[in-house]
Amino acid sequence: MPTLYIVGDSTANVTGDPADGAKQRVGWGAPFVDYFDPAKIRVVNAASAGRSSRTFMQEGKWQAVVDQLKPGDYVLIQFGHNDGGSPTDPPARGSLPGIGDDTLDVTHPDGTKEAVHSFGWYTRKYISDARSKGATPIVLSVTLRNIWTDGKVEPGLGQFREWAAQVAAQERVDHVDLSGIAVREYEKLGPEKVAAFFPLDHTHTDADGAALNARLVIAGLKSLPDTPITAFLSAKGDAVPSVDESLLALPANPKLHTLWIIGDSTVRNGIGDGSNGQWGWGDEIAPYFNTAKINVVNRALGGRSSRTFYNSLWPTVLGMIKPGDFVIMQFGHNDSSPLADTARARGTLSGNGEETQEVDNPITRKHEVVHTFGWYERQIIEQARAKGATPIVCSLIPRKTWKDGKIVRADYAAWARQAALQDHALYIDLNAIIADQYDKLGQQAVEGFFADPNTHTNLTGAKMNAESVIEGLQGLPHDPLKKYLSPAGKAVKPWRAPPTVEKVTLDG
């Protein structure tokens, strides 16, 4: 039987004398266990009050977990609340800021010496140690505190939320942005109701607050690609809606037609709040439409391939589609991943054909028939059309990868086009539209559009890409969304393909 371990601080596991107020201080790890079926998985709350990412490791608490880890286990990693203190002054638990490899040599009062590392270094160490034992590490951002400014709750304890996300991305592990999930939930409740969860201080919740945070952790876990913990949930866990179901936008006016946007993190990153400076174009396209005439709903979600979106998220979207709606899809960035690795298991077969490959999915723990990229696109096209919607296929936005002074064009663009043509769907060559613009602007200018080395755009890049989608729509022989455009949308000039386009094959 697998085990799920929680490692963290008092926001996950409060320890102390009940007479000292501990009854009013409960970590989310306590009610968390009720969301799992004990016949399928064991949940161990190894978090410890007062510990930072540094001291949890330094005191041997992490090694005690590592000694018990076995293949198939899971480790939830959440630190930050105690990492911001001094690395040297008592209680000497602070880690160095950031995610780098810098160190600080410290001599303790008893004469022992310690090399103190950054918050990111310790987080990477937890990840690598867990992986070395065959376990699956999952990084969580910090639990929110009850601190408000101008009606908005503090979004994540300074930069610790950002640093956790950056390390998770670097190490290619799953990341639950508990801070971001809780921000929306707390702000829906309002300061007065949230204050009731924090009877003693602004950091530690009571039992009700812990129950809320535990539920939000489950919602975040259920929203991970292929939802790796779903197979172990109890009936209570099954009843929790995933983040994409509970927090993503719904049609504002059910009487209007809806433009549904689906895709990956280049369309909608995280919860669409610009975390780490990354924005998807789907979050910036609404101003180009008259939202008094049409709903614009971005249901894209980071980390998804055409396969994992189709298997886990598309059924929810499909169930909400009405006749007269529109579906714009953009996939490809994650489809070249492995078919059955223990990290994501999200890859698809290359091309647009009918080839299949059977795998035992280590994430879902189910036998699965994997199809080609084009096959998944065609299923979405056909099913959207069957519901009376108009499907529109976009090729993936290009990565910031240059060859001979030109942006590399991706094979997935050609396969998206083939799928659209085969099923008589509308097609926007977004890859070419944006790549052409990047070529004209040049490498130095394009650097300013990205928030990471080559994939995720910043707000400026997302806005440009959103306008590029409108250019593509305007360039269609018959744009079905033309009557819904706002003045800003109507002002966009249609894209016309150049007479000849040199195709550069994506390597890998």
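Residues numbered from 1 in each chain as written. Predicted model: local features only at pLDDT ≥ 70, side-chain atom pairs only at ≥ 80, totals over all residues. Heavy atoms only, no water.

**Quick notes on the packing of aromatic side chains**
Stated formally: We call Phe, Tyr and Trp rings a pair once their centres come within 6.5 Å, taking the six-membered ring for Trp, and we label the pair stacked below 30 degrees between planes, edge-to-face above 60, and tilted otherwise. A run of DSSP states H or I qualifies as a helix once it reaches four residues; a run of E qualifies as a strand once it reaches two. Both are numbered from the N-terminal end. Relative accessibility decides the category of a residue: with a 1.4 Å probe and only protein chains considered, values under 20% of the type maximum give buried, values over 50% give exposed, and everything between is partly exposed.
All chains considered together, the criterion is met by 21 aromatic pairs. Judged by centre distance (5.4 Å) and plane angle (55°), the ring pair of Phe309 and Phe331 falls under tilted. Placement of Phe309 in helix H11 (residues 306-320) and of Phe331 in the loop between strand E12 (326-330) and strand E13 (357-361) is noted, with a sequence separation of 22 residues between them. Under the relative-accessibility criterion, Phe309 is labelled buried at 0%. Classification of Phe331 by relative accessible area gives buried; the value is 1%. Ring centres of Phe373 and Tyr412 lie 5.0 Å apart, and the angle between their planes is 85°; this geometry places the pair in the edge-to-face category. Taken together, the residues Phe373 in helix H12 (residues 373-386) and Tyr412 in helix H13 (residues 411-422) connect sequence positions 39 residues apart. Tyr412 carries the same exposure label as Phe373, and that label is buried.

**Here we look at the sheet that holds strand E3 (residues 74-77)**
Strand pairing in a sheet relies on backbone hydrogen bonds. The paired strands run either parallel or antiparallel. In plain terms, the rule: Only when DSSP finds a minimum of two bridges between them are two strands counted as paired. Every angle, taken between N-to-C directions, lies between 0 and 180 degrees, and every axis is a line fitted to C-alpha atoms, over only the stretch in contact when it is a helix. We call two residues contacting when some pair of their heavy atoms lies within 4.5 Å.
Strand order across the open sheet formed by 5 strands is E2-E1-E3-E6-E9, with parallel pairing between neighbours. Pairing within the sheet leaves two strands with one partner each, and these edge strands are strand E2 (42-45) and strand E9 (174-176). Averaged over all pairs of adjacent strands, the angle between their axes in this sheet comes to 20°, without regard to strand direction. The sheet strands contacting helix H4 (residues 119-132) are E3 and strand E6 (136-140), and the helix crosses E6 at an angle near 155°.

**Things to note about the side chain of His117**
What counts, and what does not: Pairing of N or O atoms within 3.5 Å defines a polar contact, subject to two protein rules: one partner must be a possible hydrogen donor and the other a possible acceptor, and residues neighboring in sequence count only if both atoms are side-chain atoms.
Structurally, His117 is set in the loop between strand E5 (113-116) and H4. Taking relative accessible area as the criterion, His117 reaches 14% and is therefore assigned buried. Polar contacts involving the side chain of His117 include one to the main-chain carbonyl oxygen of Ala115, which spans 3.4 Å.

**Notes on the pairing of strand E1 (residues 3-7)**
Where burial is concerned, most of E1 is hidden: 5 out of the 5 residues are buried. The pairing of E1 with E2 spans 4 bridges and is parallel. Opposite Ile6, over in E2, you have Asn45 as the bridge partner. Both E1 and E3 contribute to a ladder of 4 bridges, which runs parallel. Of the residues in E3, the one forming a bridge with Ile6 is Leu76.

**Things to note about helix H8 (residues 207-222)**
To keep it simple, the criterion reads: Multiply 1.5 Å by the residue count of a helix minus one, and that product is the helix's expected span.
Its 16 residues give H8 an end-to-end C-alpha distance of 22 Å, which sits within 8% of 22 Å, the value for a rise of 1.5 Å per residue. Those residues of H8 lying buried are Gly209, Ala210, Leu212, Asn213, Ala214, Leu216, Val217, Ile218, Ala219, Gly220, Leu221 and Lys222. With a side-chain oxygen positioned 3.1 Å from the backbone nitrogen of Asp208, the residue opening H8 is Asp206.

**A few points about the environment of Lys406**
Structurally, Lys406 is set in strand E17 (residues 406-407). A sequence separation of 174 residues divides Lys406 from Phe232, and the C-alpha atoms of the two residues are 48 Å apart. With near-sequence residues (within four places) excluded, Lys406 lies in contact with Thr401 and Asp439.

**Section: the sheet that holds strand E10 (residues 257-263)**
Spatially, E11-E10-E12-E15-E18 is the arrangement adopted by the 5 strands of the open sheet, whose pairing is parallel. Two strands close off the open sheet at either side, each with one partner strand: strand E11 (294-298) and strand E18 (426-428). Strand after strand, the sheet turns through a mean of 20° between neighbouring axes, direction not considered. Pairing geometry for E12 and strand E15 (residues 390-394), over 5 bridges, is parallel. Across the sheet, the residue bridging to Phe326 is Thr390, located in E15. H11 contacts E10 and E12 of the sheet and is inclined by roughly 175° relative to E10. In the packing of H12 onto the sheet, the strands contacted are E10, E12 and E15, and the crossing angle to E15 comes to about 155°.

**Concerning the nonpolar core**
Put simply, the test is: Here, nonpolar core means buried Ala, Val, Leu, Ile, Met, Phe, Trp, Tyr and Cys residues that are tied together by side-chain atoms lying within 4.5 Å of each other.
Core analysis: the largest hydrophobic core is formed by 39 residues, its most contacted members being Leu4, Trp28, Phe32, Phe36, Leu76, Tyr186 and Leu221. Secondary structure elements with two or more residues in this core: E1, E3, E6, helix H6 (178-189) and H8. Tallying contributions element by element places H8 first for this core, with 7 residues. Non-local contacts of Trp28, meaning those with residues more than four positions away in its chain, are made with Ile6, Thr11, Ala12, Leu76, Gln78, Leu140, Thr143, Ala210, Asn213, Ala214 and Val217. Core analysis: the next-biggest nonpolar cluster, separate from the first, contains 38 residues, Ile261, Ala300, Leu473 and Tyr484 among them.

**A look at the confidence of the model for the protein chain**
Here is the rule we go by: Confidence per residue, as judged by the predictor, is encoded in pLDDT with a range of 0 to 100.
The predicted model of the protein chain averages 91 in pLDDT, with 94% of residues at 70 or higher. Across residues 16-21 the pLDDT falls below 50, and counting only partners more than four positions away or on other chains, this stretch makes 5 contacts in the model. Below pLDDT 50 for its whole length, residues 500-508 participates in 14 contacts with residues either more than four positions away or in separate chains.

**Comments concerning the pattern of salt bridges**
This is how it is decided: By salt bridge we mean one thing: a side-chain nitrogen of Lys or Arg within 4 Å of a carboxyl oxygen of Asp or Glu.
By the definition in use, this model includes 16 salt bridges. A salt bridge links Asp101 to Arg124; the nearest nitrogen and oxygen atoms lie 2.9 Å apart. Placement of Asp101 in the loop between E3 and strand E4 (104-107) and of Arg124 in helix H4 is noted, with a sequence separation of 23 residues between them. Residue class for Asp101 comes out exposed when judged on its relative accessible area of 59%. Members of the salt-bridge network, linked through shared partners, are Glu185, Lys188 and Arg215.

**Structural notes on the packing of H11 against H12**
Definition in use: For classification, angles of less than 35 degrees are called roughly parallel, those exceeding 145 degrees roughly antiparallel, those between 65 and 115 degrees roughly perpendicular, and all remaining angles oblique. Under the grouping applied here, Gly and all other residues not named as nonpolar or charged are polar, the nonpolar ones being Ala, Val, Leu, Ile, Met, Phe, Trp, Tyr, Cys and Pro and the charged ones Asp, Glu, Lys and Arg.
Between H11 and H12, the least distance of the axes is 10 Å, while the angle of their chain directions is 10°. One finds that H11 runs roughly parallel with respect to H12. Contacts between H11 and H12 involve Ser306, Arg307, Tyr310, Trp314 and Leu318 from the former and Phe373, Trp375, Tyr376, Gln379, Ile380, Gln383 and Ala384 from the latter. Partitioning the contact of H11 with H12 into residue classes produces 8 nonpolar, 3 polar and 1 charged.

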